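# What the coordinates show
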Amino acid sequence: MYQGIIMSGFGGQGVVSGGILLAYAGMMDGRNVTFFPAYGAEMRGGTANCSVVVSTDPVASPVVGSPDTLLIMNEPSLARFENSLKSGGLLILNTTLVSSRPARKDIKVIEIAGSEIAERIGNVKAANMVMLGAYAKLTEAVRLGTLKESIKKVYARANDKMVELNKKAIDEGGLAA
Amino acid sequence: MSERILMKGNEALAEGAVRAGCRFFAGYPITPQNEIPEYMSWRLPETGGTFLQAESEVSAINMLFGAAAVGRRVMTSSSSPGISLKQEGISYCASAELPIFYANIVRGGPGLGNIAPSQGDYFQSTRGGGHGDYRVFVMAPKSVDEMANFPRICYDIAFKYRIPAMVLADGILGQMMEPVTFDFDPVEADSLSIPDWALRGSKPEERRVVKSFDLRPGKMEEWNYRLEKKYDEIKAEEVRYEAINTDGADLILTGYGTSARICETAMAQGRKEGLKIGYIRPITLWPFPTRIFRDLAGKIGKFLVVEMSLGQYVEDVQLSINGRSEIYLHKRPAGGIPTGEEVLEVAKKVLSGDKSKFYV
């Protein structure tokens, strides 16, 4: 099993912290994992993205050129990464903020109203968790339960209320998928 | 020993140095190594240590000269252009036999270059780097786990031989996160013995001097022979490398750092497909593991070198093999990062007799 994942959105949508959670959960599930942030010259309001690899074999490079899965949180990210997705790959789209649809027909597209769901349960900032919950439900890379258990470890400063909200967001993402 | 945690390479390196007893850091910011000084700025005060953001790289390395002269474990870090600025001070430390530890988290060059991962500083690191006849001990981690655990080895070597020691890693190893286990118990910095050469204040009859020069006729030549003796001992005693599946291989893949882990994956995949591919990876770049290459030269027909630079590491492989096997080179400079599939494809071409990557 090898999954190369790119998560991308606006700065502030939690794509980097979401990627770290995914890598951590993969580690807890006994996988080989790497997390690699885009550390280039990014601009305010531009896209933030990170690459995560979850694999049963050792990971050669943490750089994901052709991802197996894309978690797309905003409109510019779709334009930027759509063509890089592997043929037959999985695209999870935050339809609250992405109005266009991919032109490609050789990929699997899952539409999740991530930001809307997060807002409904209490905080739009949990949209990243909704996306990850959907991802965990759809693939074998990481277990949904492990994702939830990892929240407290990865976000050590989060209070109980925030932890519960994020767990709920992961569950909601799983249900929506 | 400790639990398995997820850490960023730069932070793992900094924490590894602290656990190895580092209590003084001076540095100046530059991407992609900024997490090292950032981490040290809060971590060192927790241990009673000192973090100093210097006004320049030149200043930072000279602060290190002073701090090392009192016999304690000290550190600086930078990325390529910043390390170039520090080379004068590193040369002075090498001559004065000060056991400093530093890290170069390499970015694309030459010049200001870019902030992308690169292995373009191989020559600079393995040939001393500054002026004069000297070497530094160079370790090349291939994972965040090794970023965490190599600083302790560097300090042990640095103090044993009174030599500057460094970690050479690229921006990927600095920026990526991976699971880490610290394989040693934290060192109590206060319990480390102070070497007898250190400047701690002494009675006049026990006067100690730390300096990098001797202007008397013939004395500097003697000085250099003294350094050379130490370097010969390190070359004999401190070589580290990894060699896998070399017996009966048709092709050996070789690289260091990030390139090594890519070679390792290409080898694993190739062997699944029935190809006889082996792999050698230097862990110390200086001293270079000449012998393992020399022993296999002539027995194995082909070596494929992979590096994220335009033919630097390959020269040490060439010197070791000395014309007795064919050497091929796959190179990607200043931000080009090979994939496992890419390397395996090149390996297959080389095995099938394709000469397009032939080096010597």
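Residues numbered from 1 in each chain as written. Chains lettered and ligands numbered in written order. Predicted model: local features only at pLDDT ≥ 70, side-chain atom pairs only at ≥ 80, totals over all residues. Heavy atoms only, no water.

## Things to note about the overall build of chain B
Just so we agree on the cut-off: A helix here means a DSSP run of H or I that spans at least four residues, while a strand means a run of E at least two residues long, and both kinds are numbered starting from the N terminus. Computation of the radius of gyration draws on C-alpha atoms alone. For the globule rule, the value is 2.2 Å times the number of residues to the power 0.38. Each residue's exposure class comes from its accessible area (1.4 Å probe, protein chains only) as a fraction of the maximum for that residue type: buried when under 20%, exposed when over 50%, partly exposed otherwise. By definition in these notes, contact holds between two residues if any of their heavy atoms fall within 4.5 Å. Values of accessible area rely on a 1.4 Å probe in the Shrake-Rupley scheme; residue burial ignores everything except the protein chains shown. Counted charges follow a simple rule, with Lys and Arg positive, Asp and Glu negative, and His plus the chain ends left uncounted. Just so you know, the charge point we use is NZ for Lys, CZ for Arg, CG for Asp and CD for Glu.
Helices and strands together make up the secondary structure of chain B, namely 12 helices and 14 strands. Radius of gyration (C-alpha) of chain B: 21 Å, near the 21 Å computed for a compact globule of 360 residues. When the backbone C-alpha atoms are referred to their principal axes, chain B occupies close to 70 × 50 × 40 Å. The 360 residues of chain B split such that 57% are buried. Contacts spanning at least 24 positions in sequence make up 80% of the contacts within chain B whose residues lie at least 6 apart. Surface exposure of chain B reaches about 14600 Å², of which carbon and sulfur atoms provide 50%. Charge-centre separation for chain B: the mean point of 43 positive side chains lies 3 Å from the mean point of 46 negative side chains.

## A word on a positive patch on the surface
Definition in use: Like-charged residues are merged into a patch within 9 Å and nonpolar side chains (Val, Leu, Ile, Met, Phe, Trp, Tyr) within 5 Å, provided each residue has over 30% relative accessible area and no salt bridge. When a carboxyl oxygen of Asp or Glu lies within 4 Å of a side-chain nitrogen of Lys or Arg, that pair is called a salt bridge.
Taken together, the side chains of B:R291, B:R294, B:K299 and B:R324 present a region of like positive charge at the surface. The residue B:R324 is located in the loop between α11 (313–321) and β14 (326–331) in this model.

## Some points on the sheet that holds strand β13 (residues 302–307) of chain B
Residues and elements named next belong to chain B. Where we set the bar: At least two bridges found by DSSP between two strands is the condition for calling them paired. The convention used is that axes are lines fitted to C-alpha atoms, helices contributing only their stretch in contact, and that angles between N-to-C directions extend from 0 to 180 degrees.
Taken together, 5 strands build an open sheet; the order of strands is β9-β11-β10-β13-β14 and the sheet is mixed. Strands at the two margins of the open sheet, each flanked by one partner only, are β9 (241–244) and β14. This sheet shows a mean twist of 20 degrees between the axes of neighbouring strands, independent of strand direction. Running over the sheet, α11 touches β10 (251–254), β11 (277–282), β13 and β14 and is turned about 160 degrees from β13.

## Some thoughts on the confidence of the model for chain A
Stated precisely, the cut-off is as follows: The score called pLDDT rates the predictor's confidence residue by residue, from a low of 0 to a high of 100.
Mean pLDDT over chain A works out to 94, with 100% of the residues at or above the 70 mark. Mean pLDDT per element in chain A: strand β3 (residues 47–55) of chain A is the minimum at 93, and strand β4 (residues 69–72) of chain A is the maximum at 98.

## Quick word on unusual backbone geometry
All names here are of chain B. Omega for the peptide link from T31 to P32 comes to 5 degrees, which places this bond in the cis form. Relative to the elements of secondary structure, P32 occurs in the loop between β2 (24–27) and α2 (35–46). P110 follows G109 through a cis peptide bond whose omega is 0 degrees. The phi dihedral of E97 falls on the positive side, at around 60 degrees, and the residue is not glycine. Looking at E97, the relative accessible area reads 10%, which means it is buried. A positive phi is found at A334, a non-glycine position, where the angle reads about 45 degrees. By the element assignment, A334 lies in the loop between β14 and α12 (340–351).

## Let's talk about the pattern of salt bridges
The full count for this structure, using the stated rule, is 33 salt bridges over all chains. Via salt bridges that share partners, B:K142, B:E146, B:E242, B:E264 and B:R281 belong to a single interconnected network.

## Concerning the domain arrangement of chain B
Residue and element names in this part refer to chain B. Worth spelling out the cut-off: Domain ranges listed in this record stem from an automatic or a database domain assignment. Note on definitions: buried area is the accessible-area loss of two parts on being combined, 1.4 Å probe, summed for both. Each polar contact in these results corresponds to two N or O atoms within 3.5 Å; when the atoms are within protein, one needs to be able to donate a hydrogen and the other to accept it, and residues that are neighboring in sequence are counted only if both atoms are side-chain atoms. In this classification, Asp, Glu, Lys and Arg are treated as charged, Ala, Val, Leu, Ile, Met, Phe, Trp, Tyr, Cys and Pro as nonpolar, and every other residue, Gly included, as polar.
The domain architecture assigned to chain B consists of domain 1 (5–199 + 228–235) and domain 2 (241–351). Distance between the C-alpha centres of domain 1 and domain 2: 27 Å. If you look at the interface, domain 1 gives 34 residues, while domain 2 gives 28 residues. Together domain 1 and domain 2 conceal approximately 2500 Å² of surface at their shared face, both sides included; 55% is due to carbon and sulfur atoms. It is Q119, Y122 and K142 that lose the most area in domain 1 upon contact with domain 2, and together they represent 34% of the buried surface on that side. Summed over the shared surface of domain 1 and domain 2, the result is 5 salt bridges. Two residues, R281 and E146, come together in a salt bridge whose shortest N-O distance is 2.4 Å. Counting across the interface, domain 1 meets domain 2 through 21 residue pairs in polar contact (both at pLDDT 80 or more). Of all the secondary-structure elements, those providing two or more residues to the side of domain 1 that touches domain 2 are α5 (122–126), β6 (137–139), α6 (144–161), β7 (165–170), α7 (171–175) and α8 (219–237). Its residues assigned to classes, the side of domain 1 that touches domain 2 shows 18 nonpolar, 8 polar and 8 charged.

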